[in-house]
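Reading the structure
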Amino acid sequence: MESVSSAARSAGEYANGQVNAFLDNVEDLTRALKDIDTPDVARVRAKVKMALAAAKSAVADSASQLKDQAQYVGKRTDVFVRDNPWQVIGIAALVGLAVGIVASRRFD
């Protein structure tokens, strides 16, 4: 279960880092445009600042929700496996058999 949790955490951190890097680049762009004082640029800059604040809030909320969901699924899977070990072994055997059949047909 810990590997599922750590994998989910790693994926979440990577995605969060990518989104934050994009948002930082947009912030840099708005700062670079601060010296241009036309009304149109000022209006766009204000809209971008509001959108950035909303996006950062949404990213934080989404990351938290994804982490919570991954932990919940991991715990439920762990409980199911512990409560039904023979069913899990049977399901794994069937999946392995199906993958073996599909793989053998592809290489023929």
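This report concerns the structure included in the present document.

So, how was this worked out
Residues numbered from 1 in each chain as written. Predicted model: local features only at pLDDT ≥ 70, side-chain atom pairs only at ≥ 80, totals over all residues. Heavy atoms only, no water. Helix = DSSP H or I, 4+ residues; strand = E, 2+ residues; numbered from the N terminus. Buried < 20%, exposed > 50% of the residue type's maximum accessible area, 1.4 Å probe, protein only. Areas by Shrake-Rupley, 256 points an atom, 1.4 Å probe, with all protein chains shown as cover. Axes fitted to C-alpha atoms, helices over the stretch in contact; angles between N-to-C directions. Parallel < 35°, antiparallel > 145°, perpendicular 65-115°, else oblique. Contact = heavy atoms within 4.5 Å. Patch = residues over 30% accessible without salt bridge, like charges linked within 9 Å, V, L, I, M, F, W, Y side chains within 5 Å. Salt bridge = Lys/Arg side-chain N within 4 Å of Asp/Glu carboxyl O. Expected span 1.5 Å × (residues − 1).

1. Examining the overall build of the chain
Within the chain one finds three helices and zero strands. Secondary structure elements of the chain, listed N to C terminal, follow the sequence α-α-α. Taking all 108 residues of the chain together, the buried fraction comes to 8%. Summing over all exposed atoms, the chain offers an accessible surface of approximately 8700 Å²; the carbon and sulfur share of this is 62%.

2. Observations regarding the packing of helix 2 (residues 39–83) against helix 3 (residues 85–106)
Running from N to C, helix 2 and helix 3 cross one another at 100°; their axes reach a closest spacing of 5 Å. Compared by their axis directions, helix 2 and helix 3 come out roughly perpendicular. Packed against helix 2, whose contacting residues are Phe80, Val81, Arg82 and Asp83, the element helix 3 presents Pro85, Gln87 and Val88 at the interface.

3. As for a nonpolar patch on the surface
Residues Phe80, Val81, Ile91, Val95 and Val99 make up a contiguous nonpolar surface patch of roughly 420 Å² in combined accessible area. Of all elements in the fold, only helix 2 and helix 3 reach the threshold of two or more residues within the nonpolar patch. For the nonpolar patch, the element with the highest residue contribution is helix 3, accounting for three residues. You can see phenylalanine 80 is positioned in helix 2.

4. A look at the pattern of salt bridges
Counting across every chain of the model gives one salt bridge. A salt bridge links arginine 82 to aspartate 78, with the shortest nitrogen-to-oxygen separation between them at 3.0 Å. Taken together, the residues arginine 82 and aspartate 78, both in helix 2 and four residues apart, mark about one turn of the helix. Classification of arginine 82 by relative accessible area gives exposed; the value is 64%.

5. Looking at helix 2
With 45 residues, helix 2 extends 65 Å between its outermost C-alpha atoms, agreeing within 8% with the 66 Å of an ideal straight helix rising 1.5 Å per residue. Taken together, the buried positions of helix 2 are Arg45, Leu52, Val59, Ala70 and Gly74.

6. Structural notes on the environment of asparagine 20
Inspection of the secondary structure puts asparagine 20 in helix 1 (residues 2–32). Sequence separation of asparagine 20 and alanine 55 is 35 residues, and the distance between their C-alpha atoms is 9.4 Å.

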